[in-house]
Amino acid sequence: QTKENEIERATKDQDVSYKTKESKTLDKDVAETTSDRSSVQAELDAVMQYLKNLEGRCIAKAETFEQRKARYEAEIDGLREALRILESETAALVQRGASLRRLRGVRRHVV
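Residues numbered from 1 in each chain as written. Predicted model: local features only at pLDDT ≥ 70, side-chain atom pairs only at ≥ 80, totals over all residues. Heavy atoms only, no water.

## Some points on the overall build of the protein
To keep it simple, the criterion reads: Secondary structure is summarised from DSSP: a helix means a run of H or I of at least four residues, a strand means a run of E of at least two, and numbering begins at the N terminus for each. For each residue, the accessible area found with a 1.4 Å probe, counting protein chains only, is set against the maximum for its type, and the residue is called buried under 20%, exposed over 50%, and partly exposed in between. Accessibility throughout is a Shrake-Rupley quantity obtained with a 1.4 Å probe, and a residue counts as covered only by protein chains that appear here.
Within the protein, the regular secondary structure consists of two helices and zero strands. Out of the 111 residues in the protein, the part that is buried amounts to 0%. Split by element, the accessible area of the protein, about 11000 Å² in all, is 57% carbon and sulfur.

## Details of a negative patch on the surface
Just so we agree on the cut-off: Patches in this entry comprise residues that are over 30% relatively accessible and not in a salt bridge; like charges within 9 Å are linked, as are nonpolar side chains (Val, Leu, Ile, Met, Phe, Trp, Tyr) within 5 Å. For salt bridges, the criterion is a side-chain nitrogen of Lys or Arg within 4 Å of an Asp or Glu carboxyl oxygen. Only four residue types enter the tally: Lys and Arg on the positive side, Asp and Glu on the negative side, with His and both chain ends excluded. Positions of charges follow a simple convention, taking NZ of Lys, CZ of Arg, CG of Asp or CD of Glu.
A grouping of D27, D29, E32 and D36 is seen on the molecular surface, where their side chains present a negatively charged patch. By secondary structure assignment, the location of D29 is in helix α1 (residues 2-58). D29 sits in the partly exposed class, given a relative accessible area of 35%.

## Examining a nonpolar patch on the surface
A contiguous nonpolar surface patch, about 260 Å² in accessible area, is contributed by L44, M48 and L51. Inspection of the secondary structure assignment puts L51 in helix α1. Here L51 falls in the partly exposed class, since its relative accessible area comes to 37%.

## Remarks on the pattern of salt bridges
Considering all chains together, one arrives at four salt bridges under this definition. Across the salt bridge formed by K12 and E8, the nearest N and O atoms sit 3.1 Å from each other. Note that K12 and E8 are positioned in helix α1 at a spacing of four residues, about one turn of the helix. Across the pair E81 and R84 runs a salt bridge, and its minimum N-O distance is 2.4 Å. Placement of both E81 and R84 in helix α2 (residues 65-104) is noted, with a separation of three residues, approximately one turn of the helix. A relative accessible area of 36% places E81 in the partly exposed class. Its relative accessible area of 47% is what places R84 among the partly exposed residues.

Below you can see the structure in the form of structure tokens.
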């Protein structure tokens, strides 16, 4: 029985030695993995922030009714102003053309 106890004790001591070594290896692996995870998380956070900035610039946002109405009203006002200017210039050109014909005495030839 003493021989069996010695063998059992040697086996258990060896078991403890291997498990201690394995535990240290696992602890080291956990530390490395934790470090890797934190650096990958930091990179992911940076990429997500960049994506958020891109989405803010690239994704079209729907215009509200008030914004569309204001834009259309400004466009219509601009067109009315352009029409008013064109009408006044046209009237001035017609009036000037009529006065030039009278001044020169230009008459149309009848053929």
